[in-house]
Amino acid sequence: ISSTRAIVFSQWRDSVEEIVTLLDAQRPLIRPKKFVGQGRTNASSNSSSSTVAGNAPGGGSGNNNSGVKGMKQSEQQEVIRQFRDGTYNVIVCTSIGEEG
């Protein structure tokens, strides 16, 4: 297994899903995994005082209409571990990837 790794940044959660789907067609060479921020319910996503990673547009909670769910912190940590271990060699992420 090659030690090459890549991180792809996207502004919107729904495009993260689309990019992962497209890259998935190149398995086993490219092994992509999505990496998005923690989502909240639509009721709380309109809060102007919210500064937690995962807000619109990059974290996407302001773009929840796409139906793409956020990831729990434990899920995020697991994806990072698998990326380091080589299970995945491409992470497709929103702005959460640059903040973590």
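Given the structure is predicted, the values throughout are model-derived calculations rather than measurements.

**Some remarks on the pattern of salt bridges**
Working step 1: Counted according to the given criterion, the structure contains four salt bridges.
Working step 2: The residue Asp85 makes a salt bridge to Arg81 at a minimum N-O spacing of 2.6 Å. Taken together, the residues Asp85 and Arg81, both in helix α3 (residues 73-85) and four residues apart, mark about one turn of the helix.
Working step 3: Several salt bridges share partner residues, and in doing so they unite Glu78, Arg81 and Asp85 into one network.

**A look at the sheet that holds strand β2 (residues 32-35)**
Working step 1: Read across the sheet, three strands follow the order β1-β3-β2 without closing on themselves; strand pairing throughout is parallel. Every interior strand has two partners, whereas the edge strands, β1 (6-9) and β2, have only one. Strand-to-strand twist in this sheet, taken as the mean axis angle between neighbours without regard to direction, amounts to 25°.
Working step 2: Across four bridges, the pairing between β2 and strand β3 (residues 90-93) is parallel. In the sheet register, Lys33 faces β3, and the bridge partner there is Ile91.
Working step 3: Across the sheet, helix α1 (residues 13-24) is in contact with β1, β2 and β3; its angle to β2 comes to roughly 170°.
Working step 4: Where α3 meets the sheet, its contacts fall on β1, β2 and β3, and the angle it forms with β2 comes to roughly 150°.

**Some words on the environment of Asp14**
Working step 1: Structurally, Asp14 can be placed in helix α1.
Working step 2: Of the residues examined, Asp14 reaches a relative accessible area of 36% and is grouped as partly exposed.
Working step 3: For Asp14 and Val68, which are 54 residues apart along the polypeptide, the C-alpha to C-alpha distance reads 6.2 Å.

**Details of the nonpolar core**
Working step 1: Core analysis: the biggest nonpolar cluster contains twelve residues, these being Val16, Val20, Phe35, Val36, Met71, Val79, Phe83, Val90, Ile91, Val92, Cys93 and Ile96.
Working step 2: Only α1, α3 and β3 provide two or more residues apiece to this core.
Working step 3: At four residues, the largest contribution of residues to this core is made by β3.
Working step 4: Setting aside residues up to four positions removed in sequence, Val79 forms contacts with Lys33, Lys34, Phe35, Met71 and Ile91.

Conventions and cut-offs
Residues numbered from 1 in each chain as written. Predicted model: local features only at pLDDT ≥ 70, side-chain atom pairs only at ≥ 80, totals over all residues. Heavy atoms only, no water. Salt bridge = Lys/Arg side-chain N within 4 Å of Asp/Glu carboxyl O. Helix = DSSP H or I, 4+ residues; strand = E, 2+ residues; numbered from the N terminus. Pairing = 2+ DSSP bridges. Axes fitted to C-alpha atoms, helices over the stretch in contact; angles between N-to-C directions. Contact = heavy atoms within 4.5 Å. Buried < 20%, exposed > 50% of the residue type's maximum accessible area, 1.4 Å probe, protein only. Core = buried A, V, L, I, M, F, W, Y, C linked by side-chain atoms within 4.5 Å.

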